[in-house]
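Descriptive analysis of the structure
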Amino acid sequence: GESVGLHLPTLSVQEGDNSIINCAYSNSASDYFIWYKQESGKGPQFIIDIRSNMDKRQGQRVTVLLNKTVKHLSLQIAATQPGDSAVYFCAETVLQGAQKLVFGQGTRLTINP
Amino acid sequence: DAGITQSPRHKVTETGTPVTLRCHQTENHRYMYWYRQDPGHGLRLIHYSYGVKDTDKGEVSDGYSVSRSKTEDFLLTLESATSSQTSVYFCAISGQGGNQPQHFGDGTRLSIL
């Protein structure tokens, strides 16, 4: 798969390839980050989260990397499948009771057969 | 599913009319949130609640009010709807622990003519 530049709204990959979706966050005080997947006509669906005391966290076929030095977050999806086609959002917040999430603009991931 | 029901799912109304959107949860979570989603803006926080009768403003609260008289229900009201409030509205919930991710409903599509 290809890495994408920051703020690029679309990413197209071949089925079976790995995908990397990048996100720049804005608040250096943010200490909790979440990736969501949104399919057409539905609400955002939780994928994976990470706290600022970690650099990497793995889930099933997904990995999130956090680089606090440059305020950068990435989501890696292994062996992408047609069902991975969606818009992916990163969100950040400072953990202090209620989570006032600040969302990125989103990246549309398209899987080519 | 996260046990979140939004109603109505779709609504068309006229400028100047009052509109109330309802979010109902079955998870007994403490925190509830209202977001709006517009093209090019991702999701933006309107209001949130940290308990019964306890609410606070988010990033884009002007023109909106909320109420929470029961743990399970969080209402969003547009006192006098304007065309700029045409959007998709999402409700979310999160539990007591600060690092529990928010889970979202499937949204209400509101059109104001």
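Residues numbered from 1 in each chain as written. Chains lettered and ligands numbered in written order. Predicted model: local features only at pLDDT ≥ 70, side-chain atom pairs only at ≥ 80, totals over all residues. Heavy atoms only, no water.

1. Points about the sheet that holds strand β8 (residues 73-78) of chain B
All names here are of chain B. The strand order across the open sheet formed by four strands is β1-β3-β8-β7, and the pairing between neighbours is antiparallel. For this open sheet the edge positions go to β1 (4-7) and β7 (65-70), each flanked by a neighbour on one side alone. Direction aside, the axes of adjacent strands within the sheet are offset by 20 degrees on average. Inspection of the sheet shows strand β3 (residues 19-25) paired to β8 by six bridges, in the antiparallel sense. Along β8, the bridge assignment pairs Leu-21 with Leu-76. (Pairing = 2+ DSSP bridges. Helix = DSSP H or I, 4+ residues; strand = E, 2+ residues; numbered from the N terminus. Axes fitted to C-alpha atoms, helices over the stretch in contact; angles between N-to-C directions.)

2. What about the sheet that holds strand β7 (residues 72-77) of chain A?
Residues and elements named next belong to chain A. A sheet is described by the order of its strands in space; here four strands give the open sequence β2-β7-β6-β5, paired in antiparallel fashion. What marks the edges here is a single partner per strand, and that holds for β2 (19-24) and β5 (56-58). Averaged over all pairs of adjacent strands, the angle between their axes in this sheet comes to 15 degrees, without regard to strand direction. The pairing of strand β6 (residues 62-67) with β7 spans six bridges and is antiparallel. Bridge assignment links Val-64 to a residue of β7, and that residue is Leu-75.

3. A closer look at the interface of chain B and chain A
Taken together, the contact pairs 21 residues of chain B with 21 residues of chain A. For the pair chain B and chain A, the summed buried area comes to about 1700 Å², and 57% of that belongs to carbon and sulfur atoms. At the boundary of chain B and chain A, one finds zero salt bridges. At the boundary of chain B with chain A, the tally comes to six residue pairs in polar contact (both at pLDDT 80 or more). Mapped by element, the contributors of at least two residues to the side of chain B that touches chain A are β4 (31-38), β5 (42-51), β9 (87-94) and β10 (103-104) of chain B. (Contact = heavy atoms within 4.5 Å. Buried area = accessible area lost by both parts, 1.4 Å probe. Salt bridge = Lys/Arg side-chain N within 4 Å of Asp/Glu carboxyl O. Polar contact = N/O pair within 3.5 Å; in protein donor to acceptor, adjacent residues only side chain to side chain.)

4. A short note on the confidence of the model for chain A
The pLDDT averaged across chain A works out to 90; a share of 93% of its residues lies at or above 70. Scored below 50 in pLDDT, residues 1-7 of chain A shows 15 contacts in the model against residues more than four places distant or in partner chains. (pLDDT = per-residue confidence, 0-100.)

5. What to know about unusual backbone geometry
For the bond from Ser-7 of chain B to Pro-8 of chain B, the omega torsion is -10 degrees, close enough to zero to count as cis. You can see Pro-8 of chain B is positioned in the loop between β1 and β2 (10-13). Phi at Arg-61 of chain A takes a positive value of approximately 70 degrees, unusual for a residue other than glycine. Here Arg-61 of chain A shows up in the loop between β5 and β6. Among the residues examined, Arg-61 of chain A registers a relative accessible area of 31% and is labelled partly exposed. (Buried < 20%, exposed > 50% of the residue type's maximum accessible area, 1.4 Å probe, protein only.)

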